[in-house]
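As a plain string of letters, each chain reads:
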Amino acid sequence: MNRKIAVLPGDGIGPEVTAQAVKVLKAIAGKFNHQFEFEEALIGAIAIDKTGNPFPEQTLKICKSNDAILFGAIGDPKYDLDPSAKIRPEQGLLAMRKALGLYANIRPVNSYPELLKKSPLKEEIIKDTDFIVFRELTGGIYFGEKGQSEDKQTAYDTCTYSTEEILRITKLAFESASARKKKVTLVDKANVLETSRLWRKTVKHYAEEFPDIQLDFMFIDNAAMQIILNPRQFDVILTENMFGDIITDEASVIAGSLGLLPSASIGAERALYEPIHGSYPEAAGKGIANPIGAILSAAMLLEMSFGLKAESEEIRKAIKKTIVAGCVTKDIDSMHFYSTNQVGTKIVDILINE
Ligand code: IPM
Ligand code: MN
């Protein structure tokens, strides 16, 4: 198979973890006789430094001319410490999601038997957790009208959703549930928010065509509690943009580290794959970042964009073996840890030799 992949390393630990994901993709290409071509592009703070724009035209062009996109992370503390900055790295990510129409962010969450003891949560609570969050990604409060009053003493962000925006991600969530445990939990705040009530009405109506799928509703505050109290109750969680952002960081505690979680952002025509962690600037350049979230994102890319299921399974198996062998980064084992590069190399070694 011949495919072109756009690589957007971004900021902080983004370039380090993305390099490991590319290394794994090259190993897979060698093993299975595929030709993958990689094309790099700028995004985030580094793009602001070099071009003044967090999502340059050239990057959009590269994203559109490739078959899939692999993305690292964006963000830089110099902007976080300056709330009045007009241009911010995060604008690059949001602009990219919008420009490419990436409306569904898919974030699988599962516990690893070998890492149960590493989680601050009790082993018996998190074992056998296996759910997947469908987070709406191009609507809601992230993209609604926002601003400040003239005297700058009041600010507002509006949350807006249309039936169409709700339906297209609902469709994907139901498709996923029908291939899994056939349960969808819509997470919202329908006791307070008008948009949540539209979500409920729309999803409920859609669900009538799928009698074999159980549809539950849960308020976001309760869901935040249930995820760490009884995560096994969930199969597919469907939710709006900001709720999904918050609960997936929370859910990463179940896996053992934020550094382990991958994601896919899907649109009608394009798809982008990225670890859910951010740029983690304190760790940048130190070789301590966990590359597994990025490598698992590459596995999702192979499966979802290229239909290469066997290849993606090989990567997941190699990651499991690497973890079993104790070859993990500092976030997982603060006593006996390996570098970002060593973990990537171990995964590649297993892929090639086993
Ligand atoms: C994520 C990130 C982004 C988001 C930020 C960096 C804008 O937290 O991908 O989850 O909130 O969507
Ligand atoms: Mn987030």
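Above: the structure in question.
The sections below set out a description of the structure shown in this document. Predicted, not measured: the structure shown is a model, and the values here were computed from it.

What to know about the sheet that holds strand β4 (residues 102-110)
Part 1 of the argument: In space, the ten strands of this open sheet follow the order β2-β1-β3-β12-β11-β4-β5-β10-β8-β9, with mixed pairing throughout. Edge positions in the open sheet fall to β2 (35-40) and β9 (214-219), since each of these has one partner strand only. Taken over all neighbouring pairs, the strand axes of this sheet differ in orientation by 25° on average, direction set aside.
Part 2 of the argument: Looking at chain direction, strand β3 (residues 68-73) and strand β12 (residues 271-275) are connected through two bridges and run parallel. Bridge pairing links leucine 70 to tyrosine 273 in β12.

Re the layout of surface pockets
Part 1 of the argument: Each pocket or cavity is described by its volume, and for the largest pocket that value is around 1200 Å³.
Part 2 of the argument: Lining the largest pocket are 42 residues, with Ile74, Glu90, Leu93, Tyr142 and Asp245 positioned closest to its centre.
Part 3 of the argument: Elements with a contribution of two residues or more to the lining of the largest pocket: β3, α4 (77-80), α5 (89-99), β6 (146-148), β7 (155-157), α10 (241-255) and β12.
Part 4 of the argument: Top element by residues in the lining of the largest pocket is α5. It accounts for five residues.
Part 5 of the argument: Taken together, the residues that form the lining of the largest pocket break down as 18 nonpolar, ten polar and 14 charged.
Part 6 of the argument: Domain assignment of the residues forming the lining of the largest pocket places at least three in each of domain 1 (1-102 + 262-354) and domain 2 (120-255).
Part 7 of the argument: When its volume is computed, the second largest pocket comes out at roughly 580 Å³.
Part 8 of the argument: What lines the second largest pocket is a set of 22 residues, and nearest its centre among them are Pro108, Asn110, Asp130, Arg180 and Arg316.
Part 9 of the argument: Secondary structure elements with two or more residues in the lining of the second largest pocket: β4, β5 (130-136), α11 (292-306) and α12 (309-324).

Calculation rules
Residues numbered from 1 in each chain as written. Chains lettered and ligands numbered in written order. Predicted model: local features only at pLDDT ≥ 70, side-chain atom pairs only at ≥ 80, totals over all residues. Heavy atoms only, no water. Pairing = 2+ DSSP bridges. Helix = DSSP H or I, 4+ residues; strand = E, 2+ residues; numbered from the N terminus. Axes fitted to C-alpha atoms, helices over the stretch in contact; angles between N-to-C directions. 1 Å grid on protein atoms, 1.4 Å probe; cavity = no way out; pocket = protein on both sides within 12 Å on 5 of 7 lines; lining within 4 Å. Points joined across faces, edges and corners; volume = space filled by probe spheres on them. Nonpolar A, V, L, I, M, F, W, Y, C, P; charged D, E, K, R; others polar. Domains from an automatic or database assignment.

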